[in-house]
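Residue-level listing of the chains:
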Number of protein chains: 2
Amino acid sequence: MEYRKIKDEDNDGGTISDDVENPRGKGFSVASVSNVPAREQSKWKRKSVVTLALTFLTSSQAILIVWSKRAGKYEYSVTTANFLVETLKCALSLAALARIWKTEGVTEDNRLSTTFDEVIVYPIPAALYLVKNLLQYYIFAYVDAPGYQILKNLNIISTGVLYRIILKKKLSEIQWAAFILLCAGCTTAQLNSRSDHVLQTPLQGWIMAIVMALLSGFAGVYTEAIIKKRPSRNINVQNFWLYIFGMAFNAVAILIQDFDAVMNKGFFHGYSVITTLMILNHALSGIAVSMVMKYADNIVKVYSTSVAMLLTAVVSVFLFGFELTLAFFLGATVVSVSVYLHSAGKLQR
Amino acid sequence: MEYRKIKDEDNDGGTISDDVENPRGKGFSVASVSNVPAREQSKWKRKSVVTLALTFLTSSQAILIVWSKRAGKYEYSVTTANFLVETLKCALSLAALARIWKTEGVTEDNRLSTTFDEVIVYPIPAALYLVKNLLQYYIFAYVDAPGYQILKNLNIISTGVLYRIILKKKLSEIQWAAFILLCAGCTTAQLNSRSDHVLQTPLQGWIMAIVMALLSGFAGVYTEAIIKKRPSRNINVQNFWLYIFGMAFNAVAILIQDFDAVMNKGFFHGYSVITTLMILNHALSGIAVSMVMKYADNIVKVYSTSVAMLLTAVVSVFLFGFELTLAFFLGATVVSVSVYLHSAGKLQR
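Residues numbered from 1 in each chain as written. Chains lettered and ligands numbered in written order. Predicted model: local features only at pLDDT ≥ 70, side-chain atom pairs only at ≥ 80, totals over all residues. Heavy atoms only, no water.

Quick word on the overall build of chain A
Assigned secondary structure in chain A consists of 13 helices and zero strands. Starting at the N terminus and walking to the C terminus, you meet the elements of chain A as α-α-α-α-α-α-α-α-α-α-α-α-α. Per-residue burial for chain A yields a buried fraction of 47% across its 349 residues. Taking all contacts inside chain A whose residues are at least 6 apart in sequence as the whole, residues at least 24 apart take part in 87%. For chain A, the exposed surface amounts to about 17,300 Å²; the carbon and sulfur share of it is 66%. (Helix = DSSP H or I, 4+ residues; strand = E, 2+ residues; numbered from the N terminus. Buried < 20%, exposed > 50% of the residue type's maximum accessible area, 1.4 Å probe, protein only. Contact = heavy atoms within 4.5 Å. Areas by Shrake-Rupley, 256 points an atom, 1.4 Å probe, with all protein chains shown as cover.)

As for the relation of the copies chain B and chain A
Laying chain B over chain A is done by rotating through 180° and shifting 0.0 Å along the axis; what remains is an RMSD of 0.0 Å. The superposition operator between the copies reduces to a two-fold rotation axis. In terms of proximity to the rotation axis, the leading residue of chain B is S193 of chain B, whose C-alpha is 3.1 Å off the axis. Comparing interface residues between copies, 100% of those in chain B also sit at the interface in chain A, which points to an isologous, same-surface contact. (Least-squares fit on C-alpha atoms with pLDDT ≥ 70 in both.)

Remarks on the UniProt feature "transmembrane region" (unreviewed entry) in chain A
All names here are of chain A. Residues annotated by UniProt as "transmembrane region" (unreviewed entry) correspond here to residues 49-68, 80-101, 174-191, 203-227, 239-256, 268-290, 302-320 and 326-343. Here residues 203-227 runs as 100% helix and 0% strand, with 36 Å between its end C-alpha atoms. Secondary structure within residues 326-343 divides into 100% helix and 0% strand; the distance between the first and last C-alpha atoms comes to 26 Å. (UniProt positions renumbered as here; feature names shortened; annotations may be inferred.)

With respect to the pattern of salt bridges
Enumeration over the complete set of coordinates arrives at 12 salt bridges over all chains. The salt bridge involving R111 of chain B is made with E108 of chain B; its shortest N-O contact spans 3.1 Å. Overall, the relative accessible area of 21% leaves R111 of chain B in the partly exposed class. A salt bridge links R233 of chain B to E118 of chain B; its shortest N-O distance comes to 2.9 Å. Separated by 115 residues along the polypeptide, R233 of chain B in the loop between helix 9 (203-229) and helix 10 (235-265) and E118 of chain B in helix 4 (residues 116-119) bring together distant segments of the chain. Ionic contacts of the salt-bridge type, sharing partners, join the residues K169, E224 and K228 of chain A into one network. (Salt bridge = Lys/Arg side-chain N within 4 Å of Asp/Glu carboxyl O.)

Some words on the interface of chain B and chain A
Many authors give the size of an interface as the accessible area that is lost as the parts come together. In this assembly, 26 residues from chain B lie in contact with 26 residues from chain A. Here chain B and chain A share an interface that buries about 2,100 Å² over both sides, 82% of which is from carbon and sulfur atoms. Three residues, L326, L330 and Y340 of chain B, lead the burial of chain B against chain A; their summed loss comes to 24% of the area buried on that side. Linking chain B with chain A are zero salt bridges. Summed over the shared surface of chain B and chain A, the result is four residue pairs in polar contact (both at pLDDT 80 or more). (Buried area = accessible area lost by both parts, 1.4 Å probe. Polar contact = N/O pair within 3.5 Å; in protein donor to acceptor, adjacent residues only side chain to side chain.)

Quick word on the confidence of the model for chain A
Per-residue confidence for chain A gives a mean pLDDT of 85; residues scoring 70 or more make up 88%. Contacts for the low-pLDDT stretch residues 1-33 of chain A, under 50 throughout, to residues beyond four places or in other chains number 56 contacts. (pLDDT = per-residue confidence, 0-100.)

Overview of the packing of aromatic side chains
Residue and element names in this part refer to chain A. This model, assessed by the stated rule, comprises 22 aromatic pairs over all chains. Relative to F267, the ring of F83 lies with its centre 6.3 Å away and its plane at 75°, an arrangement referred to as edge-to-face. In this pair, F83 sits in helix 3 (residues 78-104) while F267 sits in the loop between helix 10 (235-265) and helix 11 (273-295), placing the two residues 184 residues apart along the sequence. The class for F267 is partly exposed, based on a relative accessible area of 26%. Taken together, a centroid distance of 6.5 Å and an interplanar angle of 85° make the contact between W176 and F179 edge-to-face. Here the residue W176 and the residue F179 both occupy positions in helix 8 (residues 173-189), the gap between them amounting to three residues, near one helical turn. (Phe/Tyr/Trp six-rings, centres within 6.5 Å; stacked < 30°, edge-to-face > 60°.)

Focus on the nonpolar core
By size, the foremost hydrophobic cluster in this structure holds 80 residues, and its most contacted members are L181, L182 and L341 of chain A together with L181, L182 and L341 of chain B. Beyond its immediate stretch of four places on either side in the chain, L341 of chain A contacts I174, A178 and L181 of chain A together with I174, A177, L181 and L341 of chain B. Membership of the second largest hydrophobic core comes to 30 residues, among which are V50, L54, M291 and V292 of chain A. (Core = buried A, V, L, I, M, F, W, Y, C linked by side-chain atoms within 4.5 Å.)

Some remarks on helix 11 of chain A
Between its first and last C-alpha atoms helix 11 of chain A spans 33 Å; for 23 residues at 1.5 Å apiece the expected length is 33 Å, and the two agree. Two to three positions downstream of the cap, the backbone nitrogen of I274 of chain A sits 3.3 Å from a side-chain oxygen, assigning the N-cap of helix 11 of chain A to S272 of chain A. (Expected span 1.5 Å × (residues − 1).)

Here we look at the side chain of K228 of chain B
All names here are of chain B. Summarising the element assignment, K228 is placed in helix 9. One polar contact links K228 to E224, side chain to side chain, over a distance of 2.7 Å. One polar contact links the side chain of K228 to the main-chain carbonyl oxygen of A296, over a distance of 2.7 Å.

A closer look at the packing of helix 3 (residues 78-104) of chain B against helix 11 (residues 273-295) of chain B
All names here are of chain B. Their axes nearest at 9 Å, the elements helix 3 and helix 11 cross at an angle of 55°. Accordingly, the angle class assigned to the pair helix 3 and helix 11 is oblique. The chirality of how helix 3 crosses helix 11 is right-handed. Here A81, L84, V85, L88, K89 and L92 of helix 3 lie close against helix 11, whose contacting residues are I279, L280, H282, A283, L284, G286 and I287. Broken down by class, the residue content of the contact of helix 3 with helix 11 amounts to 10 nonpolar, two polar and one charged. (Axes fitted to C-alpha atoms, helices over the stretch in contact; angles between N-to-C directions. Parallel < 35°, antiparallel > 145°, perpendicular 65-115°, else oblique. Left-handed = near helix turned anticlockwise from the far one by under 90°. Nonpolar A, V, L, I, M, F, W, Y, C, P; charged D, E, K, R; others polar.)

A word on helix 13 (residues 326-344) of chain A
The terminal C-alpha atoms of helix 13 of chain A lie 27 Å apart, and with 19 residues this matches the ideal 27 Å at 1.5 Å per residue to within 8%. By the burial criterion, the buried members of helix 13 of chain A are L326, A327, F328, L330, G331, A332, V334, V335, V337, S338, L341 and H342 of chain A. Looking at the buried positions of helix 13 of chain A, the neighbouring elements they touch are helix 8 and helix 12 (298-320) of chain A together with helix 6 (145-151), helix 8 (173-189) and helix 13 (326-344) of chain B.

Some remarks on the environment of S93 of chain B
Residue and element names in this part refer to chain B. Summarising the element assignment, S93 is placed in helix 3. On the basis of relative accessible area, S93 is assigned to the buried category, the value being 2%. For the pair S93 and Y243, spaced 150 residues apart in sequence, the C-alpha separation works out to 9.0 Å. Those residues in contact with S93, other than ones at most four positions away along the chain, are N236, N239, F240 and Y243.

Details of the environment of V131 of chain B
Residue and element names in this part refer to chain B. Of note, V131 is situated in helix 5 (residues 123-139). V131 sits in the partly exposed class, given a relative accessible area of 42%. For the pair V131 and L215, spaced 84 residues apart in the sequence, the C-alpha separation amounts to 8.0 Å.

Listed below in structure tokens is the structure:
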């Protein structure tokens, strides 16, 4: 009874199967009741570490963006930077794999070669993000930048809905309530005097925002499905294949959007120290997102990035002298209650 | 088992004891299992009716206030109006009692005469409100009117805390979370471009706002304690004694604040049709509040008046051409989720 309870709680927490490889070569013995708590603890620890890493990287990302804007160095081409991010992630995955091959040898789970059946699904998230990023250029005909920031919170709802539909995982009613609160709280925290403009968004703008939210939610949930489909497969191999296609699709984006600029001014035009730091940060947070997908889930990812948004605002008070608004405090309160409710509302099975 | 469950749920809903008189002379037979659902249904119905009445009266109250301001007729003395409200409530309670005496005769429960022991606590809520209303004049030295509207939401928290401490009724953790959300949601819905000023409130202002919230919360919770202490006592008798002291304390307020104005300009100076409607409305909502205290509780009262605030805003769009802000939609979403969580989070006993 005790054992069954712990197992179920774990499944609730994200991993579909139990045969996840144990990192750092600790190994694990045949499941026995006495062994379960230690394994659960190690899983919980790993889940916490990747979640905290994602939260930290996401907040420092936002801070780097503010810093780069303040420094007035925002003239590099975004598509080339995105391409470099994917390349760096690819390289980091390969480096991690090389180390693992050295210590553990090449096994069925960590070999780089793959089957058509395994690899066929990997381009899909990258393709979805490409379409979403292209749409982004058109939505600004209907919404201004602060309005777009507000509308991006629709991602929270779309991720929850698609997580339920595609991964067929259940959230309790309290957790759904928490998810609606997360969306409302994040939006409230971002309110400013110009936010009301977003209510004047024409129908086309709303439709595009919803489509973009669905694309982004679908890409996230689909990545989780791909990664979790083969729980014993090494995450670095899975990442390698995800990022290879990321590189390919971003190369296409350079050709579509910035071909002339790259030809005339060069690939690295406008790059600075901050740009380099941003690329490094994006690469690391990208890997953290994959880890969260493997060891936790999209819901944890959404909470992690939302809390990061709040942390960023608080840190910006000290770094850039930003002033926190009453709306921020109210939004932060609602987000905090949402985090509490998400864990209090765990399905009792 | 079944019976015990229903009984407990009812206690949760508010009434301390079961020997509440059944209105409209339906009478109730000796409790038997088969009879319970009907009694519960009738209690639930009565609770719903008084709650809806309070919600409706509170929203129309706010609309009358806007209307009277728009009409520019806000020159009457507030203390005389308050005195008339108490007098009208007293008269309405007596009229209701007269009808009951005619049909049911004078009984131990509906006789007007009282003991010193019973009546000694009745002046307390009226005295607390008097102190709170006097403080209101001083807080404006530290906070502007929109800021005061924001700070008034502290009442929600103080009512919850005092309800727990004084009436010793438990709220579940989910219900506490819902209560924090109700406060945050109401405040969010009222945000406007000047709301951030409230963050600059000096310490004295905060202390006064908290003291006022405690006084108002204490008065509400104390009224509930008085009314519920004698569940079989007719509510109209209880109201009569509450309002008699309300009249007395408001007479004192006239002497303190408006004696000269009343002497020079007359008691009814500045009264108009709207003023009369407002007095009528305040009297009826005051009675509705007492009924909610008797048949439901302070928590229901707070939810009811919060929802009324949202309804008022929506109705004002049609009546006065107000525009709803994004903050309003976000706040209304949070309040709605809070209402859901309050009922979903009912203590399972």
